[in-house]
Amino acid sequence: MFHQRTEPPAKAAGDLLDAYRPEAAFLATPSGVVLGEGAAAVAERLEDVGDLLARGTADSPAGPIAVGAIPFDAGAPGRLVVPASVRTSPPLAESGQGDRRQRPLPGPWDMRPVPDPAEHAEGVERILKRLAFGGGDGPAKVVLARSLRLSGPGPVDVGQLLSNLAWRDPAGHTFAADLPAPAGATRTLVGTSPELLVSKRGGRVVSNPLAGSAPRSADPSKDQRSAVELLGSAKDRHEHAVVADAVAEGLRPYCRTLDVPAPELAKTATLWHLSTRITGELRDPDTPSALLAAALHPTPAVCGSPTAAARAVIGEIEPFDRGFYTGAVGYTDARGDGEWIVSIRCADVAGDTLDLFAGGGIVPDSAPDAELAETSVKLRTLLLALGVNQPIDAPKR
């Protein structure tokens, strides 16, 4: 038996942001902010969280909560922690977070792409050939990612990076999750994701898959034109439909009603996205959010479709282990209510090194150079939060 201390709610989310320290867990969503400190208990799999929480007590009527991250490979160990103490606050967007100012992290930064941009474009070409000639057992969509490794002059200030991300997008899902690391070392997944994997409150469930994107522009007329073109793009609408349909089918066995509306536009500081907000009423209101997250992960938005065929291609072409990129970050309480976010627009931070990741969905109408450009735009979310505003190399042809 363990006990979790629940502190009185903070007056402002900025207070919890200032209180964050490495090895804690921070999650800000449009519904509120959670800061967990210490570790009363730890689990490696979503399936173990319910039993873990059942053994604990807390000052909160909801009982103890667990918070943490799972990796892209659902069979690999994650890190889900029941914090020794928990503090909460209203959402960042209500706290005056926009009044803060970004503080660049000290450089200079050495940047090394993995793979080389030209090799990533060649990987897209290989996938396009698979899609054209793969036959009935081949994938219909594959999400191909690339990485950018940054090394700085000293240990990365994760708290400042987290604050910068929150400042740039206070309405997003901003997170910092402690990851497994060698003894004496600290490793953190930090990011701000636009994509809700699943949220569950009582008998109500929500998922908000995103797929299909276009870069934002500082010119209002160009920005609006980019949004309109995305909404009318047959290629992007097809890519989005593959994801939305799969998420709906993943939720359907658990829901007595399910609403899947037409896609709409959603925006971040750097990108427009096609977005479908799927809502449902659960057959059993006690269905745990962790179970729903496990049923949906990974969605075609981060893997492809069908899942097994797409994952096999990813393993063949991507020259790195994704780790916790395109996994999920979230929390659940003892009643099963919680939120789980797709871990994109994020960095894996250890010491003076950050591994940034970005990917794009490849479907038959994709173009290699356009897919490369899309990943470059997505990488800018973390680069700008670091204070790095230099271009990423284009492929050398």
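Before reading further, recall that the structure is shown in the block above.
So, here is what we can say about the structure in this document. Position labels on residues start from 1 in each chain and follow its written sequence. Only residues with pLDDT of 70 or above have their local features reported here, since the model is predicted, and side-chain atom pairs are shown and tallied only from 80 upward, although totals for entire chains, interfaces and linings are computed over all residues. To get the side-chain values, take all heavy atoms of the structure and skip hydrogens and water.

**Focus: the nonpolar core**
For this analysis, a nonpolar core means a set of buried residues of the types Ala, Val, Leu, Ile, Met, Phe, Trp, Tyr and Cys, connected via side-chain atoms within 4.5 Å. Only protein chains enter the accessibility calculation, which uses a 1.4 Å probe; a residue whose area is less than 20% of its type maximum is buried, one above 50% is exposed, and one in between is partly exposed. Grouped together as the largest cluster of nonpolar side chains are 52 residues, with contacts concentrated most on Leu 189, Leu 197, Val 198, Leu 251 and Trp 340. We call two residues in contact whenever any of their non-hydrogen atoms come within 4.5 Å of each other. Other than its neighbours up to four places away in sequence, Val 198 contacts Val 205, Val 206, Ser 207, Ser 289, Leu 292, Ala 293, Leu 296, Gly 338, Glu 339 and Trp 340. Ranked by size, the runner-up nonpolar core spans 36 residues in total, among them Leu 16, Leu 148, Ala 385 and Val 388.

**Focus on the pairing of strand 24 (residues 353–362)**
Within strand 24, 10 of the 10 residues are buried, leaving the element largely enclosed by the surrounding structure. Alternating positions in strand 24 separate into two faces, Thr 353, Asp 355, Phe 357, Gly 359 and Gly 361 on one and Leu 354, Leu 356, Ala 358, Gly 360 and Ile 362 on the other, with burial throughout. One ladder, built from 10 bridges, connects strand 10 (residues 141–151) with strand 24; its direction is antiparallel. By the bridge assignment for strand 24, Ser 147 is matched with Phe 357. Alignment of strand 23 (residues 346–350) against strand 24, held across four bridges, turns out to be antiparallel. Directly across from Ala 347, in strand 24, lies its bridge partner Leu 356. For helices the rule is a DSSP run of H or I covering at least 4 residues; for strands it is a run of E covering at least 2, with both sets numbered from the N terminus onward. DSSP bridges decide pairing: two strands pair if at least two such bridges lie between them.

**Description of the pairing of strand 19 (residues 278–282)**
The alternating pattern of strand 19 places Ile 278, Gly 280 and Leu 282 on a buried face, while none of Thr 279 and Glu 281, on the opposite face, is buried. Relative to strand 19, strand 14 (residues 204–208) runs antiparallel, the two being bridged by four bridges. The partner of Ser 207 across the bridge, within strand 19, is Ile 278. Bridge analysis of strand 16 (residues 255–259) against strand 19 gives four bridges, and the strand direction is antiparallel. Bridge pairing links Cys 255 to Leu 282 in strand 19.

**Some details on the state of the cysteines**
Any two cysteine sulfur atoms lying within 2.5 Å of each other are counted as a disulfide. If you walk through the whole model with that rule in mind, you get zero disulfides. Cys 346 supplies the cysteine sulfur nearest to Cys 303, a cysteine that is in no disulfide, at a spacing of 16 Å. The class for Cys 346 is buried, based on a relative accessible area of 1%.

Distances and angles like these do not, on their own, reveal function.
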